[in-house]
Amino acid sequence: MILGGTSEATHLSKLVAVAKINATLSFAGRVKRTKPQPIPIRVGGFGGPEGLCDYIVQNKITHVIDATHPFAEQISWNTFKACTDLRIPFAALTRNPWVEEPGDNWKNVDSVKAAAIMLKSYKPRTVFLAIGRIQVPEFKIAQQHKYILRLVDPFEGSLPLKNAHTIISRGPFEVSHDIKLMSENEVNIIICKNSGGTGAVSKLLAGRRLKLPVIMINRPKLPERITYNSPAEIVEWLKH
Ligand code: NAP
């Protein structure tokens, strides 16, 4: 079973299908429109580590790949617990974090909440807020700013921010497009998670070109496990 919700998981699913390895791709169900996938999918939480154990046993899963987003902390710990308890081989497919380069102006914080607290003390700005949908309400404490939100699905219910413009779009994004978007909207600060990888890096590359400051949210602590950076390595691991 591949725990997904990332472009890497989709890439891995394609390789697994080509290698004719029997597999299922699991989604949490956060995104409304799931893209067509080359292997069967299942959608929804399992019910904590116990529910995940039951699912693994009932479906005779022999290997689990945690290819979830580096900020999907809960499911990674649940996978660690379930697979360790059941003694099922498991591995993670991850991406290296982005690294600050000379000329960049990053302020690193340890959580979305800490980013919101930092922003609260700033004079009014136009903020490119790229943190997904769920934690947007944290920024209610910093209403002096204008926010540009790029989301996969529209916000459910009314937006918790008074001055916000929502763009519904799904990556991967182009750097030239993001430069245009940030220039036209007069963005003067970026807030994002240190997701790493190539699918969402365009905002940072655009911000670098426009010399914009960044509040960078550090990754949460994840369990120690066998980790690979490429889907091809995972397929090799599965074959042995
Ligand atoms: P999370 O906080 O780690 O997980 C919350 C709960 O959602 C888990 O306890 C589990 O429910 C369920 N869940 C999460 N991933 C699942 C999966 N692949 N298959 C089945 N159930 C799953 O996760 P999250 O941060 O809400 O992220 C949810 C999904 O969105 C993940 O698949 C992740 O890869 C993707 N994603 C997250 C981010 C982000 O910034 N967090 C960004 C892009 C994509 P039960 O306890 O009931 O099993």
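Reading the values: the criteria
Residues numbered from 1 in each chain as written. Predicted model: local features only at pLDDT ≥ 70, side-chain atom pairs only at ≥ 80, totals over all residues. Heavy atoms only, no water. Salt bridge = Lys/Arg side-chain N within 4 Å of Asp/Glu carboxyl O. Helix = DSSP H or I, 4+ residues; strand = E, 2+ residues; numbered from the N terminus. Buried < 20%, exposed > 50% of the residue type's maximum accessible area, 1.4 Å probe, protein only. Pairing = 2+ DSSP bridges. Near = heavy atom within 4 Å. Polar contact = N/O pair within 3.5 Å; in protein donor to acceptor, adjacent residues only side chain to side chain. Areas by Shrake-Rupley, 256 points an atom, 1.4 Å probe, with all protein chains shown as cover. 1 Å grid on protein atoms, 1.4 Å probe; cavity = no way out; pocket = protein on both sides within 12 Å on 5 of 7 lines; lining within 4 Å. Points joined across faces, edges and corners; volume = space filled by probe spheres on them. Nonpolar A, V, L, I, M, F, W, Y, C, P; charged D, E, K, R; others polar. Domains from an automatic or database assignment. Contact = heavy atoms within 4.5 Å. Buried area = accessible area lost by both parts, 1.4 Å probe. Axes fitted to C-alpha atoms, helices over the stretch in contact; angles between N-to-C directions. Parallel < 35°, antiparallel > 145°, perpendicular 65-115°, else oblique. Left-handed = near helix turned anticlockwise from the far one by under 90°.

## Here's the deal with the pattern of salt bridges
- Scanning the model with the defined rule gives ten salt bridges in all.
- For the salt bridge of E101 with R208, the shortest nitrogen-to-oxygen distance reads 3.5 Å. Taken together, the positions of E101 in the loop between β5 (90-93) and β6 (106-109) and R208 in helix α6 (residues 202-209) put the pair 107 residues apart, joining distant regions of the chain.
- For R208, a relative accessible area of 27% gives the class partly exposed.
- Linking R150 and D178 is a salt bridge whose minimum nitrogen-to-oxygen distance equals 2.8 Å. Separated by 28 residues along the polypeptide, R150 in strand β8 (residues 146-151) and D178 in helix α5 (residues 175-184) bring together distant segments of the chain.
- A residue is classified by how much of its surface remains accessible, and D178, at 1% relative accessible area, is buried.
- Here the salt bridges do not stand alone but share partners, grouping K32, R133 and E156 into one network.

## Here we look at the pairing of β8
- Of all the six residues making up β8, five are buried; the element is thus mostly covered by neighbouring parts of the structure.
- Note that strand β7 (residues 126-130) and β8 share four bridges and pair parallel. Bridge pairing in β8 places V127 opposite Y147.
- Sheet topology places β8 next to strand β9 (residues 164-168); five bridges connect them, and they run parallel.

## Some thoughts on the site of the ligand
- The ligand sits among 22 residues. The nearest are G4, S26, F46, G47 and K193.
- S26 is positioned with one of its side-chain polar atoms (N or O) 2.7 Å from a nitrogen atom of the ligand.
- Interatomic distance of 2.7 Å between a backbone N/O atom of F46 and an oxygen atom of the ligand.
- Compared with its free state, where it exposes 800 Å², the ligand has 76% of that area covered by protein.

## A word on the layout of surface pockets
- The space that makes up the second largest pocket amounts to roughly 280 Å³.
- What lines the second largest pocket is a set of 14 residues, among which M1, N22, A23, T62 and H63 lie closest to the centre.
- Classifying every residue of the lining of the second largest pocket gives eight nonpolar, five polar and one charged.

## Brief notes about the domain arrangement of the chain
- Segmentation of the chain into domains returns domain 1 (2-95 + 221-239) and domain 2 (106-217).
- Each of domain 1 and domain 2 was reduced to a C-alpha centroid, and the two centroids are 28 Å apart.
- In this assembly, nine residues from domain 1 lie in contact with 13 residues from domain 2.
- Each partner contributes to the roughly 1,000 Å² buried at the junction of domain 1 and domain 2, and carbon and sulfur atoms together form 46% of this total.
- Summed over the shared surface of domain 1 and domain 2, the result is one salt bridge.

## Remarks on the sheet that holds strand β4 (residues 64-66)
- Taken in spatial order, the six strands line up as β3-β2-β1-β4-β5-β12 in an open sheet, and their pairing is parallel. The open sheet terminates on both sides in strands that have one partner only, identified here as β3 (41-43) and β12 (226-228).

## Details of the packing of α5 against α6
- It is at 8 Å that the axes of α5 and α6 come closest, and there the two elements cross at 60°. Between α5 and α6, the crossing angle belongs to the class labelled oblique. Note on packing geometry: the crossing formed by α5 with α6 is right-handed. On the side of α5, the interface is formed by V175, D178, I179 and M182, while α6 contributes S202, K203, L205, A206, G207 and R209.

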